[in-house]
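Single-letter residue listing:
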Amino acid sequence: MARVAVIFFLSCLSFGTSQDTTSVMNFEKFFRMEEELLTLSDLIVKQELRSHDEDVHQFANITSVLEDVKAIHKDIGRNVAGYISHPINQFHLTRRLYHQWREVLQRILNSDTCVKALKVKLQNIEDNVPDKNVFSTIASTISALQLYKGLTVEQIMRGDITEVEPLQKLTLADAFAIAQTAYEKDDMFYAIEWLKYIIEEVKTHRISDIDDKVSSSAIFHMLSNAYFRAGLVKEAQTVLADLLRLDPKNVAAKRNLEYLENSKASGKLSDLKPKSPSKKSRRLYEELCGSPEKRIISKSSKLKCLYFPLRNGIPYMKSDIKAEVVNGRPLIIEMYDMFDNGTAMAISYMGYKKLMESSTVRRYSEVKHNAAVYDTTNWKWIPNLQAKLSEPKLSHFTRLFFSLRTFNIGTEGQLRNPEIGGQSAVVGNFYAFFTDPTVGGELVFPMSRIKIPVTKGNVVFAEIKAQVGICPVYYGSQWYGSQTLYEKILPNQCPQKQRVPRFY
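The name given to the protein chain in an unreviewed UniProt entry is Prolyl 4-hydroxylase subunit alpha-1, and the organism recorded there is Magallana gigas.

Colleague: Outline helix H4 (residues 87-109), supporting the account with residue identities and numerical values.
Modeller: For H4, built from 23 residues, the straight-helix expectation of 33 Å at 1.5 Å per residue is met to within 8% by its first-to-last C-alpha distance of 31 Å. Of all the bends in H4, the greatest, near 40°, is centred on Trp101. When you tally the buried positions in H4, you get 17 out of 23 residues, the bulk of the element.

Colleague: Can you explain the nonpolar core? Please cite residues and give values.
Modeller: Ranked by internal contacts, the top residues of the largest apolar core, which has 96 residues, are Phe91, Leu170, Trp194 and Ile198. Broken down by element, the residue count for this core peaks at 11 residues, all from helix H10 (residues 188-205). Among residues more than four places away in sequence, those in contact with Phe91 are Phe135, Ile138, Ala139, Ile142, Leu170, Asp174, Ala177 and Ile178. Listed in part, the 24 residues of the second largest apolar core include Val325, Leu331, Ala344 and Phe434.

Colleague: Report on the pattern of salt bridges, specifying residues and quantitative values.
Modeller: Counted by the stated rule, this structure contains 15 salt bridges. Of the charged contacts in the structure, one is a salt bridge between Arg95 and Asp174, with a shortest N-O distance of 3.1 Å. Of this pair, Arg95 sits in helix H4 while Asp174 sits in helix H9 (residues 172-184), and the two are 79 residues apart along the sequence. Accessibility classification places Arg95 together with Asp174 in one group, the buried group. Taking the shortest distance from any N to any O, the salt bridge between Arg229 and Asp186 comes out at 2.9 Å.

Colleague: Requested: an account of the sheet that holds strand E13 (residues 443-445), with residues and values cited.
Modeller: Ordered in space as E11-E16-E13-E14, the 4 strands form an open sheet in which the pairing is antiparallel. Looking along the sheet, the strands with just one partner apiece sit at the ends: strand E11 (414-415) and strand E14 (450-452). Sheet analysis places E11 next to strand E16 (residues 469-470), joined by 2 bridges and oriented antiparallel. Pairing of Leu415 across the sheet is with Gly469, part of E16.

Colleague: Kindly report on the state of the cysteines, identifying the contributing residues and their values.
Modeller: Under the defined criterion, the tally for this structure stands at 1 disulfide. Each disulfide pairs two cysteine sulfurs, and for Cys289 the partner residue is Cys471, the sulfurs being separated by 2.1 Å. A torsion of -90° about the S-S bond marks the disulfide between Cys289 and Cys471 as left-handed. Of this pair, Cys289 sits in helix H14 (residues 280-289) while Cys471 sits in the loop between E16 and strand E17 (478-488), placing them 182 residues apart in sequence. The class of Cys471 is buried, set by a relative accessible area of 1%.

Colleague: Provide a residue-level description of the confidence of the model for the protein chain, including the pertinent values.
Modeller: Counting all residues, the mean pLDDT for the protein chain is 83, and 83% of those residues have values of 70 or more. With pLDDT under 50 throughout, residues 1-21 is counted as low confidence; its partners more than four residues away or in other chains account for 116 contacts.

Colleague: Give me the packing of aromatic side chains: which residues, what numbers.
Modeller: Two aromatic rings are characterised by how far apart their centres lie and by the angle between their planes. Applying the stated criterion across every chain yields a total of 13 aromatic pairs. Look at Tyr98 and Phe135: their rings are 5.3 Å apart centre to centre, the planes differ by 20°, and that puts the pair in the stacked class. Of this pair, Tyr98 sits in helix H4 while Phe135 sits in helix H6 (residues 132-143), placing them 37 residues apart in sequence. Here the two residues Tyr98 and Phe135 agree in accessibility, since each one is buried. Seen in terms of ring centroids, Phe430 and Phe461 are 5.2 Å apart; in terms of plane orientation they differ by 55°. Their pairing is tilted. Residue Phe430 is found in strand E12 (residues 426-432), and its partner Phe461 is found in strand E15 (residues 459-463); the two are separated by 31 residues along the sequence. Taken as a pair, Phe430 and Phe461 share a single burial class, namely buried. Three or more aromatic residues link up through ring pairs in this structure, and these residues are Phe91, Tyr98 and Phe135. Of note, Arg229 hangs over the ring of Tyr183, and the distance from its end group to the ring centre comes to 4.5 Å.

What counts as what
- Residues numbered from 1 in each chain as written.
- Predicted model: local features only at pLDDT ≥ 70, side-chain atom pairs only at ≥ 80, totals over all residues.
- Heavy atoms only, no water.
- Helix = DSSP H or I, 4+ residues; strand = E, 2+ residues; numbered from the N terminus.
- Expected span 1.5 Å × (residues − 1).
- Bend = angle between axes of the 7 residues up to and from the residue.
- Buried < 20%, exposed > 50% of the residue type's maximum accessible area, 1.4 Å probe, protein only.
- Core = buried A, V, L, I, M, F, W, Y, C linked by side-chain atoms within 4.5 Å.
- Contact = heavy atoms within 4.5 Å.
- Salt bridge = Lys/Arg side-chain N within 4 Å of Asp/Glu carboxyl O.
- Pairing = 2+ DSSP bridges.
- Disulfide = S-S within 2.5 Å.
- pLDDT = per-residue confidence, 0-100.
- Phe/Tyr/Trp six-rings, centres within 6.5 Å; stacked < 30°, edge-to-face > 60°.
- Lys NZ or Arg CZ within 6 Å of the ring centre and 35° of its normal.

This is how it looks when you write it as structure tokens:
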């Protein structure tokens with residue numbers, strides 16, 4: 001089990017479906033999938049080569065793929081958790097499954113192999129091998145390191161994301177795949193940044209093609225097209241002129257250069273930025289997550305020390321719950337040292353065990369990212385935590401807790417849509433940090449311009465109207481759970497318009 005950068009989050013509201021998030025659990029599933037693919041494919045190839053005097057199924061040309069993957073798995077050894085924690089390793093694992101293993105599967109499954117039983121097993125796995133959408137997602141998260149962590153392309157290529165180095169650094173073929181993904185998604189900023197890096201390497205080392213599949217000429221043309229689509233005509237002309245100096249007979253470059261001479265620029269190089277999201281909340285989310293690693297609170301907040309529970313607005317000093325008001329409307333409160341390491345480890349393990357069961361329902365199916373967790377242990381980790389959370393007086397009515405849910409978030413992060421109006425019985429949600437931070441994973445409230453860094457043992461309460469997000473996690477993944485605070489309203493009472501006490 002990969003247990004790195006685990007936060008645990010308490011709130012019953014879903015942060016998205018399993019298709020929206022790339023978590024370590026999915027990469028654990030991918031690694032298991034590759035191990036089985038390697039074992040089955042190797043057995044089939046060896047059996048066929050023994051059964052026939054000649055390579056009748058033409059399996060010899062996939063042997064090199066199998067040998068390369070064997071070498072990678074040998075280097076990984078038993079440190080699977082460490083391997084799948086690094087985003088560059090995650091990228092390589094996904095790319096192998098999407099590109100190389102799809103070709104291997106197609107070759108074997110389309111052949112009339114004699115090893116029918118093993119072929120059927122491969123067919124069972126084929127449906128769940130990562131597709132283009134999955135690969136595009138992880139490729140986009142690698143380029144987004146420039147936005148969220150302020151890294152250059154050179155730093156990402158070296159794997160300088162954490163102090164831990166990736167098993168293998170990115171190659172120019174990897175860089176081109178990242179650039180192509182950005183180009184296809186019409187995000188010319190990232191496409192241009194990565195293509196510029198590739199072209200500098202091509203010119204410096206006189207590289208004629210990338211991975212024997214993409215010519216250097218094609219890369220120049222793609223960069224020129226990217227500049228043109230961004231309205232930067234002069235820059236597009238400069239790229240084609242560079243190409244003609246390297247390849248004076250390039251007919252396509254001459255033709256495109258003539259076309260650009262009659263085109264007008266519609267943009268400025270200084271205005272070239274990552275594609276801006278259409279929704280304001282998403283723009284604010286990206287701005288907060290890309291800000292320096294520090295606590296950000298709104299200017300209107302009245303940060304002050306509190307001790308719970310409060311009686312008629314007067315601090316009841318016997319309470320051991322210390323808190324601070326981070327924001328007034330909607331109410332956001334951070335509470336300190338709410339649980340110990342044992343609670344964090346126990347509940348996160350229960351969440352992991354529950355969620356990984358989802359991948360066994362259908363062979364290597366998509367791992368879910370949220371599930372209700374029920375504590376049947378003698379230690380009563382969850383009931384004890386819920387009892388602690390029930391101490392603060394956050395409602396005029398009797399408070400209720402139902403099932404606690406867990407989440408696993410990785411490089412894609414998460415942004416939940418706010419509850420419009422909310423349910424009449426819902427007061428708000430508790431969010432708790434269960435482990436120390438690695439890279440990312442901060443709790444953000446975009447519309448309130450608030451960012452709260454990960455602090456182990458702390459819990460954040462937010463009213464139901466507050467929009468909540470989790471910043472991308474760029475090393476390992478983080479666990480979150482959710483616990484909604486409900487209020488029990490008697491039949492002869494009307495719900496108050498403002499249910500949260502305002503003496504905070």
